[in-house]
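Residue-level structural notes
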Amino acid sequence: MSALARLRGNRFALAVLLLALACGTGVALYLDERDTRQRSRALAVPSAPDWVELNVASQDFDPGGAQLTLFVVALPHGGLAQGPGSSAFSRQVEITVGAIARTVLRTAPGEVTEPQLVPAGLYGGTETDYPFDRYRFTAAFSASDSTGAVPVGLVFGDADPFFSVHPTADTPASGAVVLHARATRARSTLILAWFMIAAMWALALAVMGGAEVVYRGGQGMVWPALGWMAATLFALIGMRNAAPGGPPIGSLIDYIAFFWAEAIIATSLTAAVIAGTRVERRKRARAEQAARADQADQATEAPRAEPGDP
């Protein structure tokens, strides 16, 4: 007997194997996404000995407001550092970030610069395309001191759990760096969105099948079944509102699944109630007719009173 045949004979072992395979696949996908998202990418490293390193992380994406936040930290290199390996600047440097607005970061001699939150604009995408919406954003970085322009290096990281960012950088001759990035929904968001779409359709078809059984069986008002259908109708609203990223109503996910699922469930529930009402009315009419017939039979069979009877 082959190993597959033995596994088929032992359903418990097969179930455990499938469960372990599913969990292992999930862990592998998680580790891959975690490593990809936590990795910092050096997009620009100047060849000059004295330069400013900018560690930039994207976070707090707001597609409805068409913007995100860039977390910027400046580190000195070469003669700009107060000492070897020091994070303090030896002299004042003015760092300019051009995004939605022009933001200026000024360093102080002997001090470590504080992180700066810089707003940047999103463009090229539509929020209602959820979960397949994608966007672009651009930011320019430059630095200067009392002697002139200072070369800038750029290290980019992605810190928003709902989006995956794919950055590139241009380095003009002036020593500045221009960041160009494309943002798409994270893999975990896409997986959950597809699961929600499949679950909505599955629940809608299940309710439709249950309504058909009630209708064809002529069972009348089956209250547990009707309660389950009504609960599913409202449960889907909570499921849809729990979609990661909070997509607005009227998004692509609604037209693919949610609107259709709600319509199917509401129609099935209404049809089951109408059919059940008709069956209950027929049952009640037959019961009333039988009651009247029994009363008539009893009246006919009652003994008539004879003259002279007390």
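In this text, all values refer to a predicted model and were calculated from it rather than measured experimentally.

A few words on a nonpolar patch on the surface. Together, Trp 201, Leu 205, Met 208 and Trp 260 make up a nonpolar patch on the protein surface, roughly 410 Å² of accessible area in all. Looking at the element boundaries, Trp 201 is found in helix H3 (residues 187-217). Looking at Trp 201, the relative accessible area reads 31%, which means it is partly exposed.

With that settled, consider the packing of H3 against helix H4 (residues 223-241). Taken N-terminus to C-terminus, the directions of H3 and H4 make an angle of 165 degrees; their axes are 11 Å apart at the nearest point. Regarding the angle of H3 to H4, the classification is roughly antiparallel. You can see that H3 and H4 cross each other, and the crossing is left-handed. Between H3, through Met 196, Ala 199, Met 200, Leu 203, Ala 206, Val 207, Gly 210, Ala 211 and Val 214, and H4, the contact on the second element is made entirely by Ala 225, Trp 228, Met 229, Thr 232, Leu 236, Met 239 and Arg 240.

Moving on, we come to the sheet that holds strand E2 (residues 51-62). Pairing is mixed in the open sheet, where five strands are placed in the order E1-E9-E2-E3-E6. The two strands at the open ends of the sheet, each matched to only one other strand, are strand E1 (41-44) and strand E6 (116-121). Each adjacent strand pair in this sheet contributes to an overall mean axis angle of 30 degrees, direction not counted.

The next point concerns H3. Each α-helix turn comprises 3.6 residues. Residues three or four places apart therefore point the same way. Between its first and last C-alpha atoms H3 spans 45 Å; for 31 residues at 1.5 Å apiece the expected length is 45 Å, and the two agree. Every buried residue belonging to H3 is among Thr 189, Ala 193, Met 196, Ile 197, Ala 199, Met 200, Ala 204, Val 207, Gly 210, Ala 211 and Val 214, and all of these are buried. At the exit of H3 stands Gly 218, carrying a positive phi of roughly 55 degrees.

Quick look at unusual backbone geometry now. Cis geometry marks the peptide bond from Tyr 130 to Pro 131; its omega dihedral reads 5 degrees. Tracing the backbone through its elements, the reader meets Pro 131 in the loop between E6 and strand E7 (134-145).

The next point concerns the side chain of Thr 189. Tracing the chain through its elements places Thr 189 in helix H3. Exposure remark for Thr 189: the relative accessible area of 2% places this residue in the buried category. Those residues within four positions of Thr 189 in sequence are excluded, and the remaining contacts are Tyr 130, Phe 162 and Pro 244.

Let's shift gears to the environment of Val 222. One can find Val 222 in the loop between H3 and H4. Taking the relative accessible area as the measure of exposure, Val 222 reaches 21% and is therefore partly exposed.

A separate point is the pattern of salt bridges. Where charged atoms from two side chains of opposite charge come close, those side chains can pair. Scanning all chains against the criterion turns up five salt bridges. Here Arg 185 and Asp 133 are joined by a salt bridge, their closest N and O atoms 2.8 Å apart. Of this pair, Arg 185 sits in strand E11 (residues 177-185) while Asp 133 is found in the loop between E6 and E7, placing the two residues 52 residues apart along the sequence. A salt bridge links Glu 212 to Arg 216, with the shortest nitrogen-to-oxygen separation between them at 3.0 Å. One end of the pair, Glu 212, and the other, Arg 216, are both in helix H3, four residues apart, so they sit about a helical turn from each other.

What counts as what
- Per chain, residue numbering runs from 1 following the sequence as it is written.
- Residues qualify for local features only when their pLDDT is at least 70, as the model is predicted, and side-chain atom pairs are given and counted only at 80 or more; totals for whole chains, interfaces and linings, by contrast, use all residues.
- Only hydrogens and water are removed before side-chain values are computed, so all heavy atoms of the structure are retained for them.
- Here the term patch refers to residues with relative accessible area over 30% and no salt bridge, with like charges joined within 9 Å and nonpolar side chains (Val, Leu, Ile, Met, Phe, Trp, Tyr) within 5 Å.
- The accessible surface values rely on the Shrake-Rupley method and a 1.4 Å probe; as for residues, cover is taken only from the protein chains in view.
- Salt-bridge detection follows one rule: a side-chain nitrogen of Lys or Arg within 4 Å of a carboxyl oxygen of Asp or Glu.
- Working definition: helices are DSSP H or I runs of at least four residues, strands are E runs of at least two. Numbering for both runs from the N terminus.
- Working definition: with a 1.4 Å probe on protein chains only, accessible area under 20% of the residue-type maximum means buried, over 50% means exposed, and in between means partly exposed.
- Axis definition: a line fitted to C-alpha atoms, over the contacting stretch in the case of helices. Angles run 0 to 180 degrees between N-to-C directions.
- Angular relationships are summarised with four words: roughly parallel below 35 degrees, roughly antiparallel beyond 145, roughly perpendicular across 65 to 115, and oblique for the angles in between.
- Should the near helix be turned anticlockwise from the far one by less than a right angle, the crossing is termed left-handed; should it be turned clockwise, right-handed.
- Contact definition: two residues touch when any of their heavy atoms are within 4.5 Å.
- We treat two strands as partners when DSSP finds at least two bridges between them.
- A helix is expected to span 1.5 Å multiplied by its residue count minus one.

These results come straight from atomic positions and should not be treated as a statement about function.
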